[in-house]
Amino acid sequence: MPKTENTRNLSPFSAVYWRTAAADFRKPRMLAFAALMIAVCVALSYVPSIHLGDGGVRVTWGFLGRSVCGMVGGPVTALVFGFAEDTVSFLIHPTGAYFPGYALTTMLGTMIYALFLYRARPTVVRIFLAKLATNALNVVLGSVWSAVLYSKGYLYYMTASLVKNVVMLPVQTAMLCFLLAALLPPLSRTGLIPGDMGNRLSLY
């Protein structure tokens, strides 16, 4: 297994990347961190959202914990975390009937953050692309789940979701940039991310 400091900037298309991610998933420290991020996401679900205008666009907070878990834990940890976080959040703070499609969306969304940010030099461009991809996932899959659960067709939900996610993209990107810029130094000092990833957020 490659040493931690030699596994920065690996491509998700390489076998070493996935072996490293699997090895990280087996570390007790990483599992404890993922459990902490589940608790953070549950706590954030109680923080009131901020409504932007009258179109149903609102700022929520759970994606912040998911992005940090994906960046630190990697894609394997992200998949397990996503399922556990969605299930625990529902059990503690239910909002309607449990639907496994939402767990799948959370799993894939957290994995997308990992694919862009895990063991990679953190940049504004990477964060933007990660958020763009997760928002696209929310539009595509979220609209499918809404069409399955409710009375209106896919195009209706897709249009509404597309507008909300486009409006929120720059806001959420800015939120992630500020959060990760603040967390990089302590995460590096504690060894949760490789030290050579850097302590500052660069543009690209």
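Student: Quick one: what's the story with helix α6 (residues 154–189), residue by residue and with numbers?
Tutor: Given 3.6 residues to a turn, an α-helix orients residues that are three or four positions apart in the same direction. The largest bend in α6 is about 40°, located at Leu169, with the proline Pro170 one to four residues further on. A positive phi of about 80° marks Gly191, the residue just after α6.

Student: Tell me what's going on with the environment of Met111, and back it up with residues and numbers.
Tutor: Along the polypeptide, Met111 turns up in helix α4 (residues 100–117). On the accessibility criterion, Met111 (18% relative accessible area) is buried. Sequence spacing of Met111 and Ala182 is 71 residues, and the spatial spacing of their C-alpha atoms is 22 Å. When near neighbours in sequence (up to four residues on either side) are disregarded, Met111 contacts Pro75, Ala78 and Leu79.

Student: Talk me through the side chain of Thr123; I want residue IDs and the actual numbers.
Tutor: With respect to the helices and strands, the residue Thr123 is situated in the loop between α4 and α5 (124–149). Judged by its relative accessible area of 4%, Thr123 is buried. Reaching out from Thr123, the side chain makes a polar contact with the backbone nitrogen of Arg126 at a distance of 3.0 Å. When neighbours within four sequence positions are excluded, Thr123 is seen to be in contact with Leu201, Ser202, Leu203 and Tyr204.

Student: Go over the packing of helix α3 (residues 62–92) against α6, please, and point to the residues and values.
Tutor: Contact geometry for α3 and α6: axes closest at 11 Å, N-to-C directions at 45°. The angle between α3 and α6 falls in the class oblique. Judged by the sense of rotation from one axis to the other, the crossing of α3 with α6 is right-handed. Within the contact between the two elements, α3 uses Phe63, Leu64, Ser67, Val68, Met71 and Val72 and α6 uses Gln172, Met175, Leu176, Leu179, Leu180, Leu183 and Leu187. Tallied by class, the residues present in the contact of α3 with α6 amount to eleven nonpolar, two polar and no charged.

Student: I'd like a description of the state of the cysteines, backed by residues and values.
Tutor: Disulfides are covalent bonds that link the sulfur atoms of two cysteine residues. In total, this model carries zero disulfides according to the counting rule given. Left unpaired, Cys177 is separated from the closest cysteine sulfur, that of Cys41, by 18 Å. Judged by its relative accessible area of 12%, Cys177 is buried.

Student: Could you give an account of a nonpolar patch on the surface, with specific residues and numbers?
Tutor: Together, Val125, Phe128, Leu129, Leu132, Leu203 and Tyr204 make up a nonpolar patch on the protein surface, roughly 570 Å² of accessible area in all. Among the structural elements, Val125 can be located in helix α5.

Student: Describe the environment of Met168, and please don't skip the residues or the numbers.
Tutor: Here Met168 lies in helix α6. Separated by 22 residues in sequence, Met168 and Ser146 have C-alpha atoms that sit 19 Å apart. Look past the residues within four positions of Met168 in its chain and what remains in contact with it is Leu52, Val57, Arg58 and Val59.

Thresholds applied
- Residue positions are given per chain, counted from 1 along the sequence in the order it is written.
- Totals for whole chains, interfaces and linings use all residues, but because this is a predicted model, local features are given only for residues with pLDDT of at least 70 and pairs of side-chain atoms are given and counted only at 80 or more.
- Hydrogens are left out, water is left out, and the side-chain values use all remaining heavy atoms of the structure.
- Bend at a given residue is defined as the angle between two axes, one fitted to the seven residues that end at that position and one fitted to the seven that begin there.
- In this description a helix means any DSSP run of H or I spanning at least four residues, a strand means any run of E spanning at least two, and both kinds are numbered starting from the N terminus.
- Burial classes follow relative accessibility: with a 1.4 Å probe on protein chains only, a residue under 20% of its type's maximum area counts as buried, one over 50% as exposed, and anything between as partly exposed.
- Should any heavy atoms of two residues lie within 4.5 Å, those residues are counted as being in contact.
- Side-chain atoms alone can form a polar contact between residues adjacent in sequence; in general such a contact is a pair of N or O atoms within 3.5 Å, and within protein one must be able to donate a hydrogen while the other accepts it.
- In this analysis, axes come from line fits to C-alpha atoms, helices being fitted only over the stretch in contact, and the angle between any two N-to-C directions falls in the range 0 to 180 degrees.
- Oblique is the label for every angle not falling under 35 degrees (roughly parallel), over 145 degrees (roughly antiparallel), or within 65 to 115 degrees (roughly perpendicular).
- In this scheme, a crossing is called left-handed if the near helix is turned counterclockwise away from the far one by less than a right angle; it is called right-handed if the turn is clockwise.
- Gly counts as polar in this scheme, as do all residues outside two lists: the nonpolar Ala, Val, Leu, Ile, Met, Phe, Trp, Tyr, Cys and Pro, and the charged Asp, Glu, Lys and Arg.
- Note on terminology: disulfide denotes any pair of cysteine sulfur atoms within 2.5 Å.
- In this analysis, a patch consists of residues with relative accessible area above 30% that form no salt bridge, clustered at 9 Å for like charges and at 5 Å for the nonpolar side chains Val, Leu, Ile, Met, Phe, Trp and Tyr.
- The accessible surface values rely on the Shrake-Rupley method and a 1.4 Å probe; as for residues, cover is taken only from the protein chains in view.
- Each salt bridge in this description consists of a side-chain nitrogen of Lys or Arg and a carboxyl oxygen of Asp or Glu lying within 4 Å of one another.

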